[in-house]
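Here is how the chains run, residue by residue.
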Amino acid sequence: MNINNTTVLITGGGSGIGLALAIALLKENAKVIICGRNQQKLDNAQLQVPELNLIQCDVVDETQVDNMIETVHSKFQGIDILINNAGIFQGYNVQNQNLPFNKIQQELAIDLEAPILLAAKFLPELLKKPEAAIVNVSSGLAYIPLTSHPVYCAAKAGLHSFTLSLRRQLKGTSVKVFELLAPLMDTELVSEVKMSGKVPPEKVAAYTVKCLKNNTYQIRPGMTKALYLMSRLAPGFMEGQVNKG
Ligand SMILES: NC(=O)c1ccc[n+]([C@@H]2O[C@H](COP(=O)([O-])OP(=O)(O)OC[C@H]3O[C@@H](n4cnc5c(N)ncnc54)[C@H](OP(=O)(O)O)[C@@H]3O)[C@@H](O)[C@H]2O)c1
């Protein structure tokens, strides 16, 4: 798809892969709006990249989302590309007698419900554009769960499934549906994961932009490609490998 001169909204664009995508898209001459809950994080991103446009918004708060959509219309004449990137990553042991139900609900709301609702809310305007896109950021863990993070992996598998349905339902319209099944990257989200091989988010962002430009809808950078293939060929073996140690 053409990125030049488009307006892109990236949820959770103040850090990590969201910020790396923002920088990569600015280089393609897109106008980029980022949102997040923490204003300080957004301001820091703008200090680093002054061309960024900021909107403080918690994507699970419907009033804040509606205000953001209003601002996007009044200030930027709408968007062409929605990148559903905001996410959190929490570990639970299901045998814990005091499972934190509110944290589980929050994780499902951010990682699964919000991208679905944002897609639904932006769809009417995206359908009016000559070319538009929704990019959902899921994970290689949508294929094989890291069982220490069961809710996160369930949410990403759910987002993967929703993305496939969305793409098929929008076939023949102007709205393209992409999915970035991100590999393990060097970001704040996984700072406590002590695994080697974390990929710089800038590298994943560059690859993603290339895939957007050549209409590669399922974006599987680095290890995700191997995880995808192996999850088809030897799922039990791969589940053991991913959860070793
Ligand atoms: N890092 C990895 O290895 C990896 C692998 C696969 C997939 N991913 C996915 O990549 C995406 C981005 O994560 P990251 O790795 O770049 O980590 P990150 O730096 O922690 O980015 C997550 C961003 O989401 C924002 N966010 C969280 N909850 C939000 C909410 N309710 N409303 C609005 N913004 C919210 C955060 O900002 P605030 O806290 O200011 O709201 C933050 O900027 C996530 O969807 C994640 O699941 C990451």
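Residues numbered from 1 in each chain as written. Predicted model: local features only at pLDDT ≥ 70, side-chain atom pairs only at ≥ 80, totals over all residues.

A. Quick peek at the environment of Leu181. Within the secondary structure, Leu181 is located in strand 6 (residues 175–182). For the pair formed by Leu181 and Met223, sequence separation is 42 residues and the distance between their alpha carbons is 10.0 Å. Setting aside residues up to four positions removed in sequence, Leu181 forms contacts with Ser138, Ser139, Gly140, Ala142, Gln218, Ile219, Arg220 and Thr224. (Helix = DSSP H or I, 4+ residues; strand = E, 2+ residues; numbered from the N terminus. Contact = placed C-beta atoms within 7 Å.)

B. Structural view of the packing of helix 4 (residues 101–128) against helix 5 (residues 150–169). The geometry of helix 4 relative to helix 5 is characterised by a closest axis approach of 9 Å and an angle of 10° between their N-to-C directions. Between helix 4 and helix 5, the angle is such that the two are roughly parallel. Two secondary-structure elements touch here, helix 4 through Ile104, Glu107, Leu108, Asp111, Leu112, Pro115, Ile116 and Ala119 and helix 5 through Val151, Tyr152, Ala155, Lys156, Gly158, Leu159, Phe162 and Leu166. (Axes fitted to C-alpha atoms, helices over the stretch in contact; angles between N-to-C directions. Parallel < 35°, antiparallel > 145°, perpendicular 65-115°, else oblique.)

C. Main features of helix 1 (residues 16–27). Taking 1.5 Å per residue as the helical rise, helix 1 with its 12 residues ought to reach 16 Å, and the 17 Å between its terminal C-alpha atoms agrees with that figure. Counting buried positions along helix 1 gives nine out of 12 residues, so the element sits mostly inside the fold. All buried positions along helix 1 are accounted for by Gly16, Ile17, Gly18, Leu19, Ala20, Leu21, Ala22, Ala24 and Leu25. Taken from the residues just after helix 1, Asn29 is the one with a positive phi, measuring 70°. (Expected span 1.5 Å × (residues − 1). Buried ≥ 20, exposed ≤ 12 C-beta atoms within 10 Å, placed from the backbone.)

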